[in-house]
Structures are given as C-alpha cells and as structure tokens.
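Structural characterization, general
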Amino acid sequence: MRIILLGPPGAGKGTQAKRLADKMNLAHISTGDILRRNVLEGTALGKEAKDFMERGLLVPDELMSKMLFERFTQQDVKKGFILDGYPRNLAQAITLEGIFKQKDIDIDMVAYLDSSDSVIIQRLSGRLVCSACGANFHKTNMPPNKNGICDKCGASLFQRTDDKEETIKKRLEVYKKEDSGLIKYYQQKNKLYRLSADGEAEAVLNEIIALSKKLHDSLKV
Ligand code: AMP
C-alpha cells in the first residue's frame, strides 16, 4: 500500500502513521521527523530549516523537495509507504506527483484526518515526544508509565518547541491557508478519503486499516 496522510497538525498523523507502518509493514516517511533529526544533528538542511520550524512556518519548498527526492531513493519505500507531513501545499503535491511519475509509483489512498481546533490545541499543548525513538505520549490523554520517561525505550521525553500555544496557533493558520487546495487536488483524482480524527487513536487506526483493506480488495478485482 502507498498511503498519504493529510490533516491539520495535531490530527494524529504521526501517531497513526507509526502504528500503520508497524501493522502493515510499510516505510514511514515523516518530513517533520526527518527535519527534526537534521536540526538535532546540525546538518546544513537542519540549520536552514530550524528557524522556520520554531516559528511554525513551512520550510521552503525547494529544500523540502530535495529532501523528499532523496528519501524516495531509499530501498525501504519499495515495500510500500505512509507519507506523513507532505504535501503541505499545492506546489508540493505537484512536486510529489513528479517524483511518483519518475519512480513509477501509484498512490492507493489519501486519508484526510479531520480534527477540530479545540481538540488540536488540547492534543498538541500536552504532547510529549521521546528523544530517542520518537514515540508520542500525552500529559493527560496518554501519559507514560513513568513521568518523563518513554515506555518503549526508556529515553527521556520532551515537549517540541513548536508545541507552545502561540506557535500551535500559527501552524494552524498556515495549515488552513493551504488545506482546501490540497483537498480539491486529491478529490479530483478520486483518491481522497475523509475520516474524523477527534476520537480515540485506536478507533481511528482501525478505521484507516478497514478502509485500506477494502481498497486493497477492490484493487485486486
Ligand atoms: P510536523 O512534525 O509534520 O508537524 O512538522 C513540523 C514542522 O516541520 C512544520 O511546522 C514545518 O515547519 C516543518 N515541515 C514538516 N513538513 C513540511 C513540509 N512538507 N513542508 C514544509 N515544512 C514542513
């Protein structure tokens, strides 16, 4: 399967993508994770991206397309993938289309995770991320067993610098400017499936899996 996850920051794309990748044996391509790794390692890309990320703005498209192109040269994408965090605007959707054409890739579905602003702000302002494995927790919705420690690998948890309330509002504003263009683009291609992501993560996950199975079966006919 080749899946794109769309939706506002805080809709749970990262959490769902990680679980889906595990369950369906797919590569998880998260542009946010790749950028954060680059920032942490102090690479040239990381240095260029850092300021945009801290201000809740989009990293320029040219940097993103180069990064994505490189990611699609890696072997693991051949088994199928979940793309999380890209595209964020129409120009990126067109770039992606170009990469797919070159690599002869057909996308199976674009799952749009819909979420309300109040749920998004509550989720993001309480989000905790593992500094080693990237697992997500939440101060109240999904607290770790031990305060500040990742249940999965034992490393320390931190709050992302862009998960402060002011930056969350900016990210939502940036997102809403581009959202409808992207939705239309994938609707016209008959690839878009809308799901409500306000409920429990497990229920949303099961809905995406059910949808992808249905699609997979219909593609086999
Ligand atoms: P995320 O983890 O997907 O919420 O992304 C965190 C931040 O990384 C965003 O607020 C942007 O600054 C940057 N970023 C991630 N993906 C993209 C993208 N496709 N285009 C531009 N910037 C991005």
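Attention in this report is confined to the structure presented alongside it. (Residues numbered from 1 in each chain as written. Predicted model: local features only at pLDDT ≥ 70, side-chain atom pairs only at ≥ 80, totals over all residues. Heavy atoms only, no water.)

Now for the site of the ligand. Neighbouring the ligand are 16 residues, the closest being Thr31, Arg36, Leu57, Gly85 and Gln92. In the model, a nitrogen atom of the ligand is placed 2.9 Å from a nitrogen or oxygen of the Gln92 side chain. Its free accessible area being 480 Å², the ligand has 95% of it covered by the protein chains. Here the shell around the ligand gets four residues from one element, more than from any other, and that element is helix α2 (residues 31-41). Considering only residue class, the shell around the ligand consists of seven nonpolar, four polar and five charged. (Near = heavy atom within 4 Å. Polar contact = N/O pair within 3.5 Å; in protein donor to acceptor, adjacent residues only side chain to side chain. Areas by Shrake-Rupley, 256 points an atom, 1.4 Å probe, with all protein chains shown as cover. Helix = DSSP H or I, 4+ residues; strand = E, 2+ residues; numbered from the N terminus. Nonpolar A, V, L, I, M, F, W, Y, C, P; charged D, E, K, R; others polar.)

Note on placement: Thr31 falls in helix α2. The buried category is assigned to Thr31, whose relative accessible area is 2%. The contact partners of Thr31, leaving out residues within four places of it in the chain, are Met64, Met67, Leu68, Asp84, Gly85, Tyr86 and Arg88. (Buried < 20%, exposed > 50% of the residue type's maximum accessible area, 1.4 Å probe, protein only. Contact = heavy atoms within 4.5 Å.)

To continue, consider the packing of aromatic side chains. Inspection of the entire model under this criterion finds four aromatic pairs. Relative to Phe100, the ring of Phe81 lies with its centre 5.9 Å away and its plane at 35 degrees, an arrangement referred to as tilted. Of this pair, Phe81 sits in strand β3 (residues 81-84) while Phe100 sits in helix α5 (residues 90-103), placing them 19 residues apart in sequence. Both residues of the pair, Phe81 and Phe100, count as buried. Consider the rings of Tyr185 and Tyr186, whose centres lie 5.0 Å apart with planes at 85 degrees: the pair is edge-to-face. (Phe/Tyr/Trp six-rings, centres within 6.5 Å; stacked < 30°, edge-to-face > 60°.)

Under the definition given, this model contains 16 salt bridges. Arg194 is the salt-bridge partner of Asp114, the closest N and O atoms lying 3.6 Å from each other. With Asp114 in strand β4 (residues 109-114) and Arg194 in strand β8 (residues 192-196), the pair connects residues that are 80 residues apart, well separated along the chain. Relative accessible area serves as the criterion here: at 48%, Arg194 is assigned to the partly exposed category. Each of Arg127, Arg160, Asp162, Asp163 and Arg171 takes part in a single network of salt bridges with overlapping partners. (Salt bridge = Lys/Arg side-chain N within 4 Å of Asp/Glu carboxyl O.)

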